[in-house]
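Residue-level structural notes
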Amino acid sequence: MLTPVWLMVEHCNLAPSHQQEYVPVAKQVPNKVAEQQLAYGLALWRDKKYQQASQEFSVLGSQNLSLDLQSLTGLYQYHAAAFTQNRNADFIQQLSSLPKSCKQTLLFVTPDIESLAQAEHFRSRFAQDARLKDLSICIHDVTWFDPVDITCDKNWQQSGRLGCQLLSLAEKLKPLPFTHLVMFANQGKANVHNGIMFLDRQDTYDVFIHELAHFSGFIDEYPLSQGLAQRVCAGVDAPNMVFKQAEQTEPDQQYWQSIGVQKHTDLFTARTCDNHATQAFKASNQLTFMEYHDTGFIPALYLTAWQRQLQKAPNQPSAHINFAQLYEQSNNLSESKFWRARYQQYLNANSKNINNL
């Protein structure tokens, strides 16, 4: 992706053994100057002058830059050139094969060129995150970049949350092998809807991991709003939480046992249902990443339950169901049928593992 910067070239085959000839070393472009040039290229891109922006990135990338700026410029240069040349036509050829053991295969998607670096950072951090090394979650090595056909809004459909228009994206993603999508946008509140995660440019890697757990059914451990608590606290147990309804004497841990959590796990009150008559319980007496994402603390028991949940993927929807529902809402039943078939393939592929648990 990135063009190497050679500082010195030795012409030993052409010169006598006692002489050396050197190519002059190009002076490194000052960071401030390079940052200004990069900002100009990004401004051109925001003005939809895609060809000019791509040329600006290319010119800057050919210069002697600091390693950080060389990497960032190369990232913009690669995606801008690929987009202006083929509009994602050969994207599938760029994807490396993922292990068959992956139960969730994530595809990063963005219409926002400045989110490309954020996506690369999250991908790199995830690959090096020792906490999560045993989870059957894989991320495709290239981000789907489409600044034309994807539009996002921080108050999507008056929900107060980040969301994106996805129907045009669905058509393009048909041939791609993914189960879940992570959408990176400019601004808005992070959230997960079925098999799609929405993040904005301010969200950190810890926010990504918190939202990633939602893909496997984990529930927030901070107090939910009354409206959300009405739905969540009805007693649908989760990998990190069980509930005790008002008429019960103690919470039922049968669900935890079904995903491999020890029968006599200690229970600690959680704040999830503070705005509801139900009492929620978690299996940790510490603040975890599901209450304050920036603590980074994921109890070992949570990781065990998370991996177990991944092996029972039919319990949680994939992004295919998002697309199926969108097409149903637009009365396009043929496309809805296609995505429901993809969803069924996802269920069938993972249900084979349940009998082996």
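Residues numbered from 1 in each chain as written. Predicted model: local features only at pLDDT ≥ 70, side-chain atom pairs only at ≥ 80, totals over all residues. Heavy atoms only, no water.

Overview of the environment of Glu-221
- Mapped onto the fold, Glu-221 is located in the loop between helix H7 (205-214) and helix H8 (226-232).
- Taking C-alpha positions, Glu-221 is 8.2 Å from Lys-282, a pair spaced 61 residues apart along the chain.
- Among all residues touching Glu-221, those that are not within four sequence positions of it are Asn-240, Met-241, Arg-271, Thr-272, Lys-282, Thr-288, Met-290, Glu-291 and Tyr-302.
- Within the structure, Glu-221 has its side chain in polar contact with the side chain of Tyr-302 (distance 2.7 Å). (Helix = DSSP H or I, 4+ residues; strand = E, 2+ residues; numbered from the N terminus. Contact = heavy atoms within 4.5 Å. Polar contact = N/O pair within 3.5 Å; in protein donor to acceptor, adjacent residues only side chain to side chain.)

Here's the deal with the sheet that holds strand S10 (residues 268-270)
- Ordered by their spatial adjacency, three strands build an open sheet running S9-S11-S10, and the pairing between neighbours is antiparallel. Across the chains shown, the open sheet's two edge strands, defined by having one partner strand only, are strand S9 (242-244) and S10. Each adjacent strand pair in this sheet contributes to an overall mean axis angle of 45°, direction not counted.
- Looking at chain direction, S9 and strand S11 (residues 279-282) are connected through three bridges and run antiparallel. (Pairing = 2+ DSSP bridges. Axes fitted to C-alpha atoms, helices over the stretch in contact; angles between N-to-C directions.)

With respect to the side chain of Ser-336
- By secondary structure assignment, the location of Ser-336 is in helix H12 (residues 333-351).
- Of the polar contacts made by the side chain of Ser-336, one reaches the backbone oxygen of Ala-324; its length is 3.2 Å.
- Those residues in contact with Ser-336 that sit more than four places away from it in its chain are Ala-324, Tyr-327 and Glu-328.

Concerning the pattern of salt bridges
- Under the counting rule described, the total for this entry stands at 14 salt bridges.
- Arg-123 is the salt-bridge partner of Glu-120, the closest N and O atoms lying 2.5 Å from each other. With Glu-120 and Arg-123 both in helix H5 (residues 116-128) and three residues apart, the pair spans about one turn of that helix.
- In this structure, Lys-174 and Glu-335 form a salt bridge, with 2.8 Å as the shortest nitrogen-oxygen distance. Here the residue Lys-174 occupies a position in the loop between helix H6 (167-173) and strand S6 (180-185), and Glu-335 occupies one in helix H12, the gap between them amounting to 161 residues.
- Among the residues examined, Lys-174 registers a relative accessible area of 22% and is labelled partly exposed.
- According to the relative accessible area criterion, Glu-335 is buried, its value standing at 15%.
- In this structure, a network of salt bridges that share partners links the residues Arg-46, Asp-112, Glu-114 and Arg-201. (Salt bridge = Lys/Arg side-chain N within 4 Å of Asp/Glu carboxyl O. Buried < 20%, exposed > 50% of the residue type's maximum accessible area, 1.4 Å probe, protein only.)

Observations concerning the pairing of strand S8 (residues 196-200)
- Judged by how many residues are buried, S8 sits mostly within the fold: five of five residues are covered.
- Covered by surrounding structure in S8 are Ile-196, Phe-198 and Asp-200 together with Met-197 and Leu-199, the residues of both alternating faces.
- Two strands pair when backbone bridges link them, and S6 and S8 are joined in this way by five bridges, in the parallel orientation. From the neighbouring strand, Met-183 faces S8, where its bridge partner is Phe-198.

Side note on the nonpolar core
- Phe-126, Leu-132, Leu-199, Phe-208, Ile-209, Leu-212 and Trp-306 are the most contacted members of the largest nonpolar core, which totals 37 residues.
- For this core, the secondary-structure elements that each account for two or more residues are strand S1 (104-110), H5, strand S2 (137-139), S6, S8, H7, helix H9 (254-258) and helix H10 (300-310).
- At six residues, the largest contribution of residues to this core is made by H7.
- Residues in contact with Phe-126, not counting those within four places in the same chain, are Leu-132, Ile-137, Ile-139, Tyr-205, Phe-208, Ile-209 and Leu-212.
- Core analysis: the next-biggest nonpolar cluster, separate from the first, contains 29 residues, Ile-150, Leu-162, Leu-176 and Tyr-346 among them. (Core = buried A, V, L, I, M, F, W, Y, C linked by side-chain atoms within 4.5 Å.)

Some remarks on H10
- Within H10 the residues assigned to the buried category are Tyr-302, Leu-303, Ala-305, Trp-306, Gln-309 and Leu-310. Taken end-on, H10 shows its buried residues confined to a sector of 165°, consistent with a single buried face.
- Elements that come into contact with the buried residues of H10 comprise S1, S2, H7, H9 and S11. (Arc of directions from axis to C-beta.)

Examining the packing of helix H2 (residues 50-61) against helix H3 (residues 67-86)
- Interaxial distance between H2 and H3 falls to 9 Å at its minimum, and their mutual angle equals 145°. Considering how the two elements wind past one another, H2 and H3 form a crossing that is left-handed. In this structure, H2 contributes Tyr-50, Gln-51, Ser-54, Phe-57, Ser-58, Leu-60 and Gly-61 to the contact, and H3 contributes Gln-70, Thr-73, Tyr-76, Gln-77, Ala-80, Ala-81, Phe-83 and Thr-84.
- Of the residues contributing to the contact of H2 with H3, the split by class is seven nonpolar, eight polar and no charged. (Left-handed = near helix turned anticlockwise from the far one by under 90°. Nonpolar A, V, L, I, M, F, W, Y, C, P; charged D, E, K, R; others polar.)

Structural notes on the confidence of the model for the chain
- For the chain, the average pLDDT comes to 87, and 90% of its residues sit at 70 or higher.
- Between the elements of the chain, mean pLDDT differs from a low of 82, seen in H9, to a high of 98, seen in S6. (pLDDT = per-residue confidence, 0-100.)

Examining the environment of Asp-141
- Secondary-structure assignment places Asp-141 in the loop between S2 and strand S3 (144-145).
- Residue classification places Asp-141 among the partly exposed residues on the basis of a relative accessible area of 34%.
- What Asp-141 contacts, discounting residues up to four positions off in sequence, is Gln-94, Leu-95, Ser-96 and Arg-123.
- In terms of polar contacts, Asp-141 uses its side chain to reach the side chain of Ser-96, at 2.6 Å.

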